[in-house]
Amino acid sequence: MTNQKPSLMLVDGMALLFRAFYATAVTGQFMINSKGIPTNGIHGFVKHMFTAVSTFKPTHLAVCWDMGSKTFRTELFPDYKGNRGEAPVELIPQFDLVKEVVESFDIPNIGLAGFEADDCIGTIANHAKEEAHVSILTGDQDILQLLDDRISVILMKKGYGNYLVHTPQTFKEEKGITPRQMVDLKALMGDTSDNYPGVKGIGEKTALKLLQEFEHVEGIISNLDKLSKSQKIKIEQDLDMLHLSRKLAEIKCDVPVNCSLESASLKIEKEKAENKLRELELRGLGRLFPQVEAHIS
């Protein structure tokens, strides 16, 4: 990403925080400081973020967050993400503290009640791509629907510094459909992690085949007579859920949030940042700063 055009990395904050927390929580390593506050998630979050900055060298950076479990999607479908338990007690204090740490790096924290981080990412990415190359750092494949010629997705793999970078071309090669068709794919097959069913009895293989033939949900519905008897019955029986699942699957790109490139310029004030890390007793993270030395004052 060494070119003259600015490069903006949008970070899916929850994806990094949860990944970091559970990587160490499984062995009970919560890194509790002298104030009794667990910091393992924050520590891993900072490490994940700066490892990616060191690897991809963005000129600008912003972090997007979920702002509570109630969103317009839970209003549409109360069971949306209803299969997820409460956050572990050791993680709860880290939600606010990690944002304080990000703020100490002079990196914008972005989130809006009623919407998910994905919606904020989609909105900012589509706006910023006019003036910058945009990359999205996440572990969540739902974001792949945002891919286009000016938006790439960096999927984190196990460990630190392991990534799978997706472009529209790599996505098409892997799935056989376009990134935008991913919304229709999820509408048909549902999403077990987000807890909505799609069309009962239609899995990924069938859904991909139908989309390759009929392009989108509307194309499938207007060609029901060309489907097998079994497929036709399944879709007709779950038509309402098919339309609802599509609304749940689609990332909104018109959320009332903004992030100017100027505000996201990656400039870390070393003393301010180190003071915050010291306050939380997050040792060893300052050494990651030199990897972004060009952006440090």
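Worth saying up front: this structure is predicted, and the values here are computed from it rather than measured.

**A word on the overall build of the protein**
- Broken down by element type, the protein carries twelve helices and six strands.
- Over its C-alpha trace the protein gives a radius of gyration of 21 Å, about what one expects of a compact globule, namely 19 Å for 297 residues.
- The C-alpha extent of the protein, read off along each of the three principal axes, is 65 × 45 × 35 Å.
- Counting across all 297 residues of the protein, residues that qualify as buried make up 51%.
- Accessible surface, the protein: about 14300 Å² in total, of which carbon and sulfur atoms supply 51%.

**Quick look at the side chain of Ser-245**
- Along the chain, Ser-245 turns up in helix 11 (residues 239-249).
- Looking at Ser-245, its side chain comes within polar contact range of the main-chain nitrogen of Gly-198, at 3.3 Å.
- If near-sequence neighbours (up to four positions away) are discounted, Ser-245 is found in contact with Lys-186, Ala-187, Tyr-196 and Gly-198.

**Focus on the nonpolar core**
- Ranked by internal contacts, the top residues of the largest apolar core, which has 48 residues, are Leu-8, Leu-10, Ile-110, Ile-124, Leu-188, Ile-220 and Ile-235.
- Contributions of two or more residues to this core are made by strand 1 (7-12), strand 2 (60-64), helix 5 (117-128), strand 4 (133-138), strand 5 (151-156), helix 7 (181-189), helix 8 (204-214) and helix 9 (217-221).
- Those residues in contact with Leu-8, other than ones at most four positions away along the chain, are His-60, Leu-61, Ala-62, Ile-124, Ala-128, Ala-132, His-133, Val-134, Ser-135, Leu-261 and Ala-264.
- Among the nonpolar cores identified, the runner-up in size contains 40 residues, and Met-9, Phe-30, Val-98 and Tyr-163 belong to it.

**Thoughts on the pairing of strand 2**
- Most of strand 2 is tucked away: five of the five residues are buried.
- Where strand 1 lies against strand 2, five bridges are found, and the strand directions are parallel. Bridging from a neighbouring strand, Asp-12 pairs with Cys-64 of strand 2.

**A few points about the environment of Ala-62**
- Counting through the fold element by element, Ala-62 comes out in strand 2.
- Residue classification places Ala-62 among the buried positions, given a relative accessible area of 0%.
- In sequence terms Ala-62 and Ile-124 are 62 residues apart; their C-alpha atoms lie 9.7 Å from each other.
- Ignoring any residue separated from it by four or fewer positions in sequence, one finds Ala-62 in contact with Leu-8, Met-9, Leu-10, Val-11, Ile-107, Pro-108, Ile-110 and Cys-259.

**Description of the pairing of strand 5**
- The element strand 5 is extensively covered by neighbouring structure, given that six of its six residues are classed as buried.
- Side-chain alternation along strand 5 places Ile-151, Val-153 and Leu-155 on one buried face and Ser-152, Ile-154 and Met-156 on a second face that is also buried.
- For strand 4 and strand 5, the ladder comprises five bridges, and the chain directions are parallel. Bridge pairing in strand 5 links Leu-137 to Ile-154.

**Examining the sheet that holds strand 3 (residues 109-110)**
- Overall, mixed pairing links the six strands, which are arranged 3-2-1-4-5-6 in an open sheet. Of all the strands in the sheet, just strand 3 and strand 6 (163-166) have a single pairing partner and so form its edges.
- The strands that helix 2 (residues 40-56) touches are strand 1, strand 2, strand 4, strand 5 and strand 6; relative to strand 6, the one it contacts most, it runs at about 55°.

**Regarding the packing of aromatic side chains**
- The full count for this structure, using the stated rule, is nine aromatic pairs.
- Measuring from centroid to centroid gives 6.1 Å for Phe-18 and Phe-95, while their planes differ by 45°, and the two rings are tilted. With Phe-18 in helix 1 (residues 13-25) and Phe-95 in helix 4 (residues 92-104), this residue pair connects regions lying 77 residues apart in the sequence.
- What makes Phe-18 partly exposed here is its relative accessible area of 28%.
- Taking the centre distance of 5.7 Å and the plane angle of 50° together, the rings of Phe-72 and Phe-115 count as tilted.

**Examining the side chain of Gln-94**
- Within the secondary structure, Gln-94 sits in helix 4.
- Here Gly-41 takes part through its backbone nitrogen, which lies 2.7 Å from a polar atom of the side chain of Gln-94.
- Beyond its immediate sequence surroundings of up to four residues, Gln-94 is in contact with Leu-17, Phe-21, Pro-38, Thr-39, Asn-40, Gly-41 and Ile-42.

Rules of the game
- Residues numbered from 1 in each chain as written.
- Predicted model: local features only at pLDDT ≥ 70, side-chain atom pairs only at ≥ 80, totals over all residues.
- Heavy atoms only, no water.
- Helix = DSSP H or I, 4+ residues; strand = E, 2+ residues; numbered from the N terminus.
- Rg over C-alpha atoms; globule rule 2.2 N^0.38 Å.
- Buried < 20%, exposed > 50% of the residue type's maximum accessible area, 1.4 Å probe, protein only.
- Areas by Shrake-Rupley, 256 points an atom, 1.4 Å probe, with all protein chains shown as cover.
- Polar contact = N/O pair within 3.5 Å; in protein donor to acceptor, adjacent residues only side chain to side chain.
- Contact = heavy atoms within 4.5 Å.
- Core = buried A, V, L, I, M, F, W, Y, C linked by side-chain atoms within 4.5 Å.
- Pairing = 2+ DSSP bridges.
- Axes fitted to C-alpha atoms, helices over the stretch in contact; angles between N-to-C directions.
- Phe/Tyr/Trp six-rings, centres within 6.5 Å; stacked < 30°, edge-to-face > 60°.

Geometry only, nothing functional implied.
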